[in-house]
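# Analysis of the macromolecular model
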Amino acid sequence: MKKIAVIALGSNLEQPAEQIYNALSALDSHLQIRVLKTSSFYRTKPVGYTDQPDFVNAVSIIETDLDAPELLATLHIIEAQAGRERTFRNAPRTLDLDIIDYAHYRSDDPALTLPHPRAAERSFVMVPLAEIAPDFELGGLGKAAEIAAGLEQGGIEKLPKE
C-alpha cells in the first residue's frame, strides 16, 4: 500500500545543488518511490558544528510502498553512492537524506524516530516544507507554515531556480 513520506535533503560538499538533484533523480528512478513535490533549494547556515561551508537544503514529498525501515535503508544507499561518510555529528557531508515524516506514523525506535525528533526546530526543514505543503501536520506540533513562522529564519535564503 502506498504511503506518503517527507524527505529532507541537504549537502554542503562537492557541488551541493548537484548532489541534491542527483538524489532526487535516484529517488524518482526507484521502482517503489515516486517524487510528488519538491521545494525550492535553500542556502542555509550549518547547525551544531559551524566551521564548515553553507548547506543547500530542500524537502520532497514522496509516495512509496516501502515500509519505513526499507525507505531509510534506501536513503542510506543513495547517501553512500554520493560518497557520504559519517565522521562525526553535524559534520560536512556530500549528502544527507532524512525521513521527516512517514504516513504520520509515530516511532520511538532509536534507529528511526518518527516524526523526525528535531525537524520542528530546524528552519532548513520547515521553511521548504511550508513552501510545498503549508498545511502539512507534523506530529501534533502544528502545521508546517505555523511551525516555520515561529523559527529564526535569518540563516536561510531561497536560491534561484537553475
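Residues numbered from 1 in each chain as written. Predicted model: local features only at pLDDT ≥ 70, side-chain atom pairs only at ≥ 80, totals over all residues. Heavy atoms only, no water.

### Some thoughts on helix H1 (residues 16–29)
For H1, spanning 14 residues, the distance from its first C-alpha to its last is 20 Å, which sits close to the expected 20 Å at 1.5 Å a residue. All buried positions along H1 are accounted for by Pro16, Ala17, Gln19, Ile20, Ala23, Leu24 and Leu27. All buried residues of H1 fall inside an arc of 160° around its axis, so they share one side. Its buried side turned inward, H1 meets strand E1 (3–11), strand E2 (33–38), strand E4 (55–64), helix H2 (68–81) and strand E5 (96–102). (Helix = DSSP H or I, 4+ residues; strand = E, 2+ residues; numbered from the N terminus. Expected span 1.5 Å × (residues − 1). Buried < 20%, exposed > 50% of the residue type's maximum accessible area, 1.4 Å probe, protein only. Arc of directions from axis to C-beta. Contact = heavy atoms within 4.5 Å.)

### Looking at the nonpolar core
Core analysis: the biggest nonpolar cluster contains 28 residues, and Ile7, Leu9, Phe41, Leu71 and Ile99 have the highest contact counts within it. Elements that contribute at least two residues to this core include exactly E1, H1, E2, E4, H2, E5 and strand E7 (112–114). Not counting the four nearest positions on each side in its chain, Leu71 is found in contact with Ala5, Ile7, Ile33, Ile62, Thr64, Leu66, Ile99 and Tyr102. If you look at the next biggest cluster of nonpolar residues, it comprises 23 residues, including Met126, Ala144, Ile147 and Leu151. (Core = buried A, V, L, I, M, F, W, Y, C linked by side-chain atoms within 4.5 Å.)

### Re the pattern of salt bridges
All told, the structure shown has seven salt bridges when counted by the stated rule. Here Asp65 ties to Lys2 by a salt bridge, and the two come within 3.7 Å at their closest N and O atoms. Of the two residues, Asp65 is situated in the loop between E4 and H2 and Lys2 in the segment before E1; the sequence distance between them amounts to 63 residues. For Asp65, a relative accessible area of 33% puts it in the partly exposed group. (Salt bridge = Lys/Arg side-chain N within 4 Å of Asp/Glu carboxyl O.)

### Focus: the pairing of E1
Across the nine residues that make up E1, a large majority, eight, are buried. Across nine bridges, E1 lies against E4 in antiparallel orientation. By the bridge assignment for E4, Ala8 is matched with Val59. (Pairing = 2+ DSSP bridges.)

### Here we look at the layout of surface pockets
Within this model, the largest pocket holds a volume of roughly 770 Å³. If you trace the largest pocket, you find 37 residues lining it, with Asp96, Asp98, His116, Arg118 and Arg122 closest to the centre. At four residues, E5 tops the list of elements feeding residues into the lining of the largest pocket. For the lining of the largest pocket, the class distribution of residues is 17 nonpolar, nine polar and 11 charged. (1 Å grid on protein atoms, 1.4 Å probe; cavity = no way out; pocket = protein on both sides within 12 Å on 5 of 7 lines; lining within 4 Å. Points joined across faces, edges and corners; volume = space filled by probe spheres on them. Nonpolar A, V, L, I, M, F, W, Y, C, P; charged D, E, K, R; others polar.)

### Digging into the UniProt feature "domain: 7,8-dihydro-6-hydroxymethylpterin-pyrophosphokinase" (unreviewed entry) in the chain
The UniProt record annotates "domain: 7,8-dihydro-6-hydroxymethylpterin-pyrophosphokinase" (unreviewed entry) at residues 89–100. Segment residues 89–100 splits into 0% helix and 42% strand. End C-alpha atoms: 18 Å apart. (UniProt positions renumbered as here; feature names shortened; annotations may be inferred.)

### What about H2?
An ideal rise of 1.5 Å per residue puts 20 Å on 14 residues; H2 measures up with 20 Å between its terminal C-alpha atoms. Those residues of H2 not exposed but buried are Ala68, Leu71, Leu72, Thr74, Leu75, Ile78 and Glu79. On an axial view of H2, the arc spanned by its buried residues comes to 160°, and they lie on one face. Exposed positions of H2 whose direction lies more than 90 degrees from the buried face are Pro69, Ala80 and Gln81. Turning to H2, the residues buried within the fold contact E1, H1, E2, E4, E5 and E7. Its side-chain oxygen placed 2.8 Å from the backbone nitrogen of Glu70, Asp67 serves as the N-cap of H2. Immediately downstream of H2, the backbone of Gly83 shows phi near 90°, a positive value. (Polar contact = N/O pair within 3.5 Å; in protein donor to acceptor, adjacent residues only side chain to side chain.)

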